[in-house]
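# Fold and contact review
Residue strings, one per chain:
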Amino acid sequence: MKKAIIVGASSGIGRQLAVILSQNNYKVGVTGRRLELLQELKATSPDSFFILDFDVTNIAKVPQYLQQLADEMGGVDLLVMSSGAGKVNSKLDHGIEKYTNDVNVAGFTVVADWALNYFEQQGAGHFAAITSVAAIRGSRQAPAYNASKAYQVNYLEGMRQRAGNLKMPIYVTDIRPGFVDTPMAKAEKLFWVASVDKAAKQIFNALQNKRSMVYITKRWRLVGFLFRIIPGFLYKKL
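Per chain, residues are indexed from 1 in the order of the written sequence. Where local features are concerned, this predicted model is filtered to residues with pLDDT of at least 70; where side-chain atom pairs are given and counted, the filter is 80 or more; whole-chain, interface and lining totals use all residues. Side-chain descriptors were evaluated using all non-hydrogen atoms of the structure, hydrogens and water having been removed beforehand.

Starting at the N terminus, helices and strands are each numbered in turn, a helix being any DSSP run of H or I of at least four residues and a strand any DSSP run of E of at least two. One fewer than the residue count of a helix, multiplied by 1.5 Å, yields its expected span. Given a rise of 1.5 Å per residue, 13 residues ought to cover 18 Å, and the 18 Å separating the end C-alpha atoms of helix α6 (residues 196-208) matches this to within 8%. Where α6 is concerned, the buried positions are V196, A199, A200, Q202, I203, F204, A206 and L207. Whether two residues are in contact is decided by their heavy atoms, any of which lying within 4.5 Å being enough. Turning to α6, the residues buried within the fold contact α1 (12-22), β2 (26-32), β4 (78-81), β5 (125-130), β6 (170-177) and β7 (213-216). Just past α6, the residue K210 takes up positive phi, approximately 55°. Exposed residues in this analysis have more than 50% of their type's maximum accessible area, buried residues have under 20%, and partly exposed residues fall in between, with area computed by a 1.4 Å probe over protein chains only.

Pasting the structure below:
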């Protein structure tokens with residue numbers, strides 16, 4: 001039986017992905033800040049889920065928590081970083097920007113580093129992170145969110161390059177959702193909004209196929225292409 005950890009699985013995409021993995025012969029370690037939600041998930045299939053509540057911004061203790069969960073499960077084949085933060089912040093409230101970076105940069109990095117070091121020592125493994133289509137360009141409405149997602153995308157590319165040079169079966173997947181029907185979807189104009197279930201199923205398929213990068217849903221690849229080719233003088237007017 002394969003073993004996976006999802007960091008940030010108390011709700012949304014992370015929770016639904018945990019359910020799908022459990023239905024496909026995985027033992028799943030789930031983490032989050034809200035213990036009661038993790039307990040509710042475990043109650044649905046007690047033999048499938050291992051739970052541990054912690055906050056990824058507690059940087060000093062995150063490696064300890066991940067190792068504790070890995071030991072309890074008897075190993076890890078797949079780790080998915082689903083935890084994330086982001087709010088519309090047109091007034092540039094520094095508290096919002098700082099918390100976004102605490103989760104999306106500092107928290108993401110400590111989880112990614114632990115995962116890659118663990119898989120290197122193990123000789124194999126798969127690390128994936130939910131980034132965003134927003135990583136492609138900056139945003140006047142949520143500057144830290146878009147910038148932090150760009151950081152994640154570049155970090156994942158560096159980890160993929162590292163894994164390639166090690167010549168080990170270590171895979172790194174960049175998962176770039178557009179709008180998904182979760183509380184995180186707070187933009188002024190929403191379109192092509194995917195259900196959590198549809199998004200999670202497409203993510204599961206991408207993980208099974210060891211994809212390097214995938215847009216969720218697939219049509220967001222077009223948006224990504226358009227974002228990249230819009231000239232700067234036009235983009236700044238949007």
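On to the sheet that holds β7, then. Strand order in the open sheet formed by 7 strands is β3-β2-β1-β4-β5-β6-β7, with parallel pairing between adjacent strands. The sheet terminates laterally at β3 (49-53) and β7, the two strands that pair on one side only. Averaged over all pairs of adjacent strands, the angle between their axes in this sheet comes to 15°, without regard to strand direction. When DSSP finds two or more bridges between a pair of strands, those strands are recorded as paired. Note: β5 against β6, 6 bridges, orientation parallel. If you follow F127 over to β6, its bridge partner there is V172. Here the axes come from fitting lines to C-alpha atoms, over the contacting stretch only for helices, and the angles between their N-to-C directions go from 0 to 180 degrees. The strands touched by helix α2 (residues 35-44) are β2 and β3; relative to β3, the strand with the most contacts, the crossing angle is about 175°. Set on the sheet, α6 makes contact with β2, β4, β5, β6 and β7; between it and β7 the angle comes to about 165°.

Interpretation in functional terms is not warranted from these geometric data alone.
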